[in-house]
Amino acid sequence: MPLDILTIGEALVEVMRTDINQPLDQPSPFTGPYPSGAPFIFAVQAARLGMKTAAIGAVGADAFGDCLRDQLIADGVSVRGLKRIADQPTGIAFVAYKADGSRDFVFSLGAGGHLSTDMLSADLFEGLRCFHLMGSTLSMSQSALEVCRRALEMARAAGAMISFDPNLRPEMLSPDQARVAFAPFIAAADILFPTEEELLQLTPAGALDEAINHLLAERPRRVIAVTRGAEGCSVYSADGRIDANGFPAEEIDPTGAGDCFDAGFISALLEGKTLAEAAQLGNACGALTVSAKGPMAGARQRDDVERFIRGD
């Protein structure tokens with residue numbers, strides 16, 4: 001059965017500090033593992049919204065790999081694209097939270113950083129409706145970038161809509177390097193999910209409006225959803241601009257908020273919803289995500305999200 005949404009990238013588990021202001025360079029307690037990896041958080045949220053979803057990536061043949069794989073299976077995410085690599089450990093992200101809301105990461109990508117073209121099974125792309133890529137994946141290595149280029153070609157050949165979240169990680173790739181690496185994916189994207197800062201870093205424009213106008217002129221049917229965290233988002237298209245307010249939420253764990261926003265927005269569009277409705281669903285998914293500890297814990301089922309939007 002053809003997929004609604006396919007994504008690709010770093011498969012991880014997350015191990016996090018138990019409280020804020022516990023730096024990673026000093027002894028302090030951790031909690032975890034939690035299934036994670038930005039593309040996989042995205043895939044789980046899309047599946048919980050009712051989309052037929054799969055994610056391409058790799059884990060080790062170990063307990064952490066089982067942790068992620070079991071979560072995908074429980075949520076109905078196809079694991080046809082998930083490879084086990086016997087001689088590599090599953091990727092781990094160690095995370096510490098600061099009082100100002102920022103985070104420190106130490107990544108050990110292990111198997112999660114091993115993408116290869118033999119993982120791009122043609123059956124995953126047949127009849128595919130949307131292919132979603134993230135800058136964090138492109139930033140892992142030159143080989144990962146090349147695999148994603150090939151995956152992009154396959155998705156476009158299948159007639160899939162292309163969505164791209166720059167998800168810029170300066171600790172992995174500088175903005176100057178990312179501008180070059182991301183260029184083919186930005187050019188191909190039917191939907192873009194940048195922050196305002198990312199737009200200005202990844203385009204030659206000196207102002208937001210200039211960047212938006214350039215991107216829409218390049219591809220007039222493109223949709224650009226500029227994410228603004230708790231404030232919501234602004235959606236730009238040939239029909240103009242839509243501002244959608246965020247939903248109030250107590251922030252417990254911000255990991256995955258953008259990934260779940262993307263999943264909500266894309267799911268709504270695939271269901272034939274308006275851009276305003278897509279923005280609302282995306283904002284609701286993002287707000288709910290931060291309200292639970294663990295990258296996937298706040299990704300909710302469709303009924304829960306709809307009740308949240310109604311204020312029930």
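Residues numbered from 1 in each chain as written. Predicted model: local features only at pLDDT ≥ 70, side-chain atom pairs only at ≥ 80, totals over all residues. Heavy atoms only, no water.

Participant: Would you mind going over the sheet that holds strand β7 (residues 103-108) with me for this structure?
Facilitator: Within a sheet, neighbouring strands are paired by backbone hydrogen bonds and run either parallel or antiparallel to one another. Here four strands make up an open sheet; going across it, the order is β3-β2-β6-β7 and the pairing mixed. What marks the edges here is a single partner per strand, and that holds for β3 (30-36) and β7. For this sheet the average axis-to-axis angle between neighbouring strands, irrespective of direction, equals 25°. In terms of strand pairing, strand β2 (residues 12-17) meets β3 through five bridges, oriented antiparallel. Along β3, the bridge assignment pairs Leu 12 with Ser 36. (Pairing = 2+ DSSP bridges. Helix = DSSP H or I, 4+ residues; strand = E, 2+ residues; numbered from the N terminus. Axes fitted to C-alpha atoms, helices over the stretch in contact; angles between N-to-C directions.)

Participant: Help me understand the nonpolar core in this model?
Facilitator: Soluble globular proteins tend to pack their nonpolar side chains together in the buried interior. Residues Leu 6, Ile 8, Phe 125, Phe 131, Leu 133, Phe 164 and Phe 182 are the most contacted members of the largest nonpolar core, which totals 50 residues. Apart from the residues lying within four places of it in its own chain, the contact partners of Phe 125 are Leu 6, Ile 56, Leu 120, Phe 131, Ala 151, Met 154, Ala 155 and Ala 158. Counting 47 residues, the second largest nonpolar core, distinct from the first, contains Val 77, Ala 225, Phe 247 and Ala 284. (Core = buried A, V, L, I, M, F, W, Y, C linked by side-chain atoms within 4.5 Å. Buried < 20%, exposed > 50% of the residue type's maximum accessible area, 1.4 Å probe, protein only. Contact = heavy atoms within 4.5 Å.)

Participant: Honestly, the packing of helix α5 (residues 142-157) against helix α6 (residues 175-188) in this entry has me stumped. Any pointers?
Facilitator: Packed helix pairs are characterised by how far apart their axes lie and by the angle those axes make with each other. Between α5 and α6, the least distance of the axes is 11 Å, while the angle of their chain directions is 15°. Relative to α6, α5 is oriented roughly parallel. The two elements α5 and α6 cross, and the hand of that crossing is left-handed. Note on element contacts: α6 touches α5 through Ala 181, Pro 184, Phe 185 and Ala 188, opposite Leu 145, Cys 148, Arg 149, Leu 152 and Arg 156. Its residues placed into classes, the contact of α5 with α6 shows seven nonpolar, no polar and two charged. (Parallel < 35°, antiparallel > 145°, perpendicular 65-115°, else oblique. Left-handed = near helix turned anticlockwise from the far one by under 90°. Nonpolar A, V, L, I, M, F, W, Y, C, P; charged D, E, K, R; others polar.)

Participant: Would you mind going over unusual backbone geometry with me for this structure?
Facilitator: With the exception of glycine, the majority of residues adopt a negative phi angle, and the majority of peptide bonds are in the trans configuration. The step from Gly 32 to Pro 33 runs through a cis peptide bond, and the omega angle for that step is 10°. Even without glycine at this site, Asn 21 takes up a positive phi of about 55°. Mapped onto the secondary structure, Asn 21 falls in the loop between β2 and β3. Phi is positive for Asn 167, which is not a glycine, with a value near 40°. In this structure, Asn 167 sits in the loop between β9 (161-165) and α6. Of the residues examined, Asn 167 reaches a relative accessible area of 14% and is grouped as buried.

Participant: Would you take a moment to explain the pairing of strand β5 (residues 82-85) for this structure?
Facilitator: Every other side chain in a regular strand lies on the same face of the sheet, so the side chains alternate between the two faces. Here strand β4 (residues 53-60) pairs with β5 via four bridges, running parallel. Looking at the pairing, Ala 58 lines up with Lys 83 of β5.

Participant: Even after reading the chapter, I still don't get helix α2 (residues 63-74), so can you show me in this structure?
Facilitator: With twelve residues, α2 extends 16 Å between its outermost C-alpha atoms, agreeing within 8% with the 16 Å of an ideal straight helix rising 1.5 Å per residue. Those residues of α2 not exposed but buried are Gly 65, Leu 68 and Leu 72. All buried residues of α2 lie within an arc of 70° about the axis, which places them on one face of the element. Of the exposed residues in α2, the ones pointing more than 90 degrees away from its buried face are Ala 63 and Ala 74. Those residues of α2 that are buried are in contact with β2, β3, α1 (38-48), β4 and β5. One or two residues past the end of α2 sits Gly 76, with phi positive at roughly 80°. (Expected span 1.5 Å × (residues − 1). Arc of directions from axis to C-beta.)

Participant: Would you take a moment to explain the side chain of Gln 22 for this structure?
Facilitator: Looking at where Gln 22 falls in the secondary structure, it is placed in the loop between β2 and β3. Residues in contact with Gln 22, not counting those within four places in the same chain, are Arg 17, Ser 28, Pro 29, Ala 96 and Tyr 97.

Participant: Could you clarify how one ought to interpret the pairing of β2 in this entry?
Facilitator: Judged by how many residues are buried, β2 sits mostly within the fold: six of six residues are covered. Relative to strand β6 (residues 91-97), β2 runs parallel, the two being bridged by five bridges. In the sheet register, Leu 12 faces β6, and the bridge partner there is Gly 91.

Participant: How do you make sense of the pattern of salt bridges when you look at a structure like this?
Facilitator: Side chains that differ in charge, positive against negative, can pair when their charged atoms come close. Inspection of the entire model under this criterion finds 16 salt bridges. Between Lys 98 and Asp 104 there is a salt bridge, with the nearest N and O atoms lying 3.5 Å from each other. Note on Lys 98: relative accessible area 36%, which makes it partly exposed. When its relative accessible area of 33% is taken as the criterion, Asp 104 is described as partly exposed. One salt bridge connects Asp 243 with Arg 241, and the closest N-O pair in it is separated by 2.8 Å. Overall, Arg 241 belongs to the partly exposed group, its relative accessible area being 48%. Several salt bridges converge on common partners, so that one network encompasses Asp 4, Lys 52 and Arg 129. (Salt bridge = Lys/Arg side-chain N within 4 Å of Asp/Glu carboxyl O.)

Without other data, these values stay purely geometric and don't point to any function.
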